[in-house]
Amino acid sequence: MSGPAPRQAPRRVAAEGLPAEVTVYEVGPRDGLQAETDVIPTAVKSELCARLYAAGSRALEVTSFVPPAWIPQLADARRVSASVRPPEGARAVALVPNRRGLDDALAAGMREVAVVVSATESFARANLNTDRAGAVARAVAVVDDARSAGIPVRGYVSMAFGDPWEGDVDIAAVVDAAVALHSAGCRTIALGDTIGVATAGHVEQVVEAVTDAGIPRSALALHLHDTYGQALANVLAGLRAGVTEFDASVGGLGRCPYAPGATGNLATEDLAWMLEGLGIRTGLDIPALARTSAWLAGVRGRPHASRVAHALTTTPEEHPA
Ligand code: MG
């Protein structure tokens, strides 16, 4: 006789003061895969995107149009972009580091892009090949061009909660970067805990500082990593502070190459489990996400990092008695 099976959905118990629905912005194919060391075949990336849309993802960052010399893992950006088929009402987004990247993304048929700036000088120099002000100027130029082309832009502020070289990050620097992106016309500002060091009170503090500077809560997103096991607590702090968009990657794909020991993004199915448990609609099919993580782990020969996928795809015999 086999043992009891794990439950396949959370019990829904709504908490007061939380939104009825939120946007889960999927970054696995781009942020996740760019940080992994292995290079995934284009066909696998295309299938990953198709599986994510089929699992209910309505906001998917599919790739990045960076020079292949910078990130060989995403050298097939054009082919991946050409292969994605977002269902009606779903978004496909490409990260673009500069105007050349924007031109390439538009030529590949992308109709939404994202840009990145940094709250710290160290990350700007190490990852964006410029200084902090230079990164903002470059991003603003891309936003101008994209908006002229009628393309909405998402803006990331990296290292908004901590930096592996500089340690603590000045909140004023986060606010400056966020305001620059918002003023330029970015539709959403994603505050990035790139190395996963944020804690719940800190999240609340940064969200308040950014909203005090005039950015509406409805324009904010949180991009959280789970290095210290704080990502879901930080999501809850964000929800309570009025944030309604959260980034996640299926199976917790992605590491952080700038911080030894830092783990991947918050896993999409773990986030969805918490949100659905709070009675917040995500539109996501949690078992389908878990199967996607298990499938990709099998293809790659590497384990995924989602607790929910582990629970859902482990057979009763594998659970300890
Ligand atoms: Mg990330």
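Residues numbered from 1 in each chain as written. Predicted model: local features only at pLDDT ≥ 70, side-chain atom pairs only at ≥ 80, totals over all residues. Heavy atoms only, no water.

Q: What exactly am I supposed to notice about the coordination of the magnesium ion here?
A: Around a metal, the perfect tetrahedron of four donors has angles of 109.5 degrees, and the perfect octahedron of six donors has angles of 90 or 180 degrees. Of the protein atoms, only Asp31 (OD), His223 (NE2), His225 (NE2) and Asn265 (OD1) coordinate the magnesium ion, at distances of 2.0 to 2.3 Å. The sequence pattern formed by the donor residues of the magnesium ion is D-x191-H-x1-H-x39-N. In this pair, His225 sits in the loop between strand S7 (220–224) and helix H9 (231–240) while Asn265 sits in the loop between strand S8 (245–248) and helix H10 (268–277), placing the two residues 40 residues apart along the sequence. Comparing His225 with Asn265 shows no difference in burial state: the two are buried. (Donors = N, O, S within 2.8 Å, 3.2 Å for Na, K, Ca; no water. Helix = DSSP H or I, 4+ residues; strand = E, 2+ residues; numbered from the N terminus. Buried < 20%, exposed > 50% of the residue type's maximum accessible area, 1.4 Å probe, protein only.)

Q: Mind showing me how you'd approach the pairing of strand S4 (residues 113–118) here?
A: Every regular strand shows the same layout, with side chains that alternate between the two sheet faces. With five of six residues buried, S4 is to be regarded as a mostly interior element. Pairing geometry for S4 and strand S5 (residues 153–158), over six bridges, is parallel. Across the sheet, Ser118 pairs through a bridge with Ser158, a residue of S5. (Pairing = 2+ DSSP bridges.)

Q: For this particular structure, what's the right way to read the domain arrangement of the protein chain?
A: Accessible area lost during the coming together of the parts is what is often quoted as the interface size. Here the domain parsing of the protein chain yields domain 1 (1–8 + 51–58 + 248–321) and domain 2 (112–240). Each partner contributes residues to the interface: domain 1 has 16 residues there, and domain 2 has 16 residues. Of the roughly 1200 Å² buried where domain 1 meets domain 2, counting both sides, 71% is carbon and sulfur surface. The interface formed by domain 1 and domain 2 includes zero salt bridges. Across the side of domain 1 that touches domain 2, the residue classes tally to ten nonpolar, four polar and two charged. (Domains from an automatic or database assignment. Contact = heavy atoms within 4.5 Å. Buried area = accessible area lost by both parts, 1.4 Å probe. Salt bridge = Lys/Arg side-chain N within 4 Å of Asp/Glu carboxyl O. Nonpolar A, V, L, I, M, F, W, Y, C, P; charged D, E, K, R; others polar.)

Q: For this particular structure, what's the right way to read the layout of surface pockets?
A: In this approach a probe as big as a water molecule rolls over the atoms, and the regions it shows empty are the leftover space. There is about 480 Å³ of room inside the second largest pocket. Gly251, Gly252, Asn265, Ala267 and Ala305 are the residues nearest the centre of the second largest pocket, which is lined by 28 residues in total. When residues of the lining of the second largest pocket are traced back to their parent elements, those giving at least two are H9 and helix H11 (286–300). Of all the elements, H11 adds the most residues to the lining of the second largest pocket, at four residues. Per-class residue counts for the lining of the second largest pocket are eleven nonpolar, ten polar and seven charged. (1 Å grid on protein atoms, 1.4 Å probe; cavity = no way out; pocket = protein on both sides within 12 Å on 5 of 7 lines; lining within 4 Å. Points joined across faces, edges and corners; volume = space filled by probe spheres on them.)

Q: Help me understand unusual backbone geometry in this model?
A: Apart from glycine, the bulk of residues carry a negative phi angle, and the bulk of peptide bonds sit in the trans form. Here the phi dihedral of Asn129 falls at roughly 55°; this positive angle occurs in a residue that is not glycine. Classification of Asn129 by relative accessible area gives partly exposed; the value is 48%. One non-glycine residue, Met159, adopts positive backbone phi at about 55°. Here Met159 is to be found in the loop between S5 and helix H7 (171–184). Look at Met159 and you get buried, because its relative accessible area is 0%.

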